[in-house]
Amino acid sequence: MKPYIEERILSIAKYTIGHNSTVRETAKKFGISKSTVHKDLRERLPHINSGLSEDVNRILDFNKSERHIRGGLATKRKYQLQSKT
């Protein structure tokens, strides 16, 4: 693996842990796709740093378990805004 990719993966992992961020938020911050963030964190990070990978996986699993709630809240806000206009 090229050094710049390893550096990117570690930066993404540290950002995700430090900010407790979602894949979407992390991708936006680093200007890369959600697919790249997901592949870096789930597939490539365990080969570089397994301890960091476990921490990141806990955050990603938590975010995945709550995504249906976040989606429902976003829909609720959308329709509340539409009814006010």
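For the structure itself, consult the block above.
None of the values given here were measured: they were computed from a predicted structure. (Residues numbered from 1 in each chain as written. Predicted model: local features only at pLDDT ≥ 70, side-chain atom pairs only at ≥ 80, totals over all residues. Heavy atoms only, no water.)

Turning next to the environment of Glu 25. For Glu 25, the location among the structural elements is in helix α2 (residues 23–30). With 23 residues separating them along the chain, Glu 25 and Lys 2 place their C-alpha atoms 25 Å apart. (Helix = DSSP H or I, 4+ residues; strand = E, 2+ residues; numbered from the N terminus.)

Now for the layout of surface pockets. When its volume is computed, the largest pocket comes out at roughly 370 Å³. Around the largest pocket, the lining residues are Thr 22, Val 23, Arg 24, Lys 34, His 38, Arg 42, Leu 60, Asn 63, Lys 64, Arg 67 and Arg 70. If you list the elements that add at least two residues to the lining of the largest pocket, you get α2, α3 (34–48) and α4 (50–84). Among the elements that take part in the lining of the largest pocket, α4 stands out by supplying 5 residues, more than any other. When its residues are assigned to classes, the lining of the largest pocket shows 2 nonpolar, 3 polar and 6 charged. (1 Å grid on protein atoms, 1.4 Å probe; cavity = no way out; pocket = protein on both sides within 12 Å on 5 of 7 lines; lining within 4 Å. Points joined across faces, edges and corners; volume = space filled by probe spheres on them. Nonpolar A, V, L, I, M, F, W, Y, C, P; charged D, E, K, R; others polar.)

With that settled, consider the nonpolar core. Formed by Ile 5, Ile 9, Ile 12, Ala 13, Val 23, Ala 27, Val 37, Leu 41, Leu 45, Leu 52, Val 56 and Leu 60, the largest nonpolar core amounts to 12 residues. For this core, the elements supplying multiple residues, two or more each, are α1 (3–19), α2, α3 and α4. If one sorts the elements of this core by residue count, α1 sits on top with 4 residues. Aside from chain neighbours lying at most four places away, what touches Leu 45 is Ile 9, Leu 10, Ala 13, Asp 40, Ser 50, Leu 52, Ser 53 and Val 56. (Core = buried A, V, L, I, M, F, W, Y, C linked by side-chain atoms within 4.5 Å. Buried < 20%, exposed > 50% of the residue type's maximum accessible area, 1.4 Å probe, protein only. Contact = heavy atoms within 4.5 Å.)

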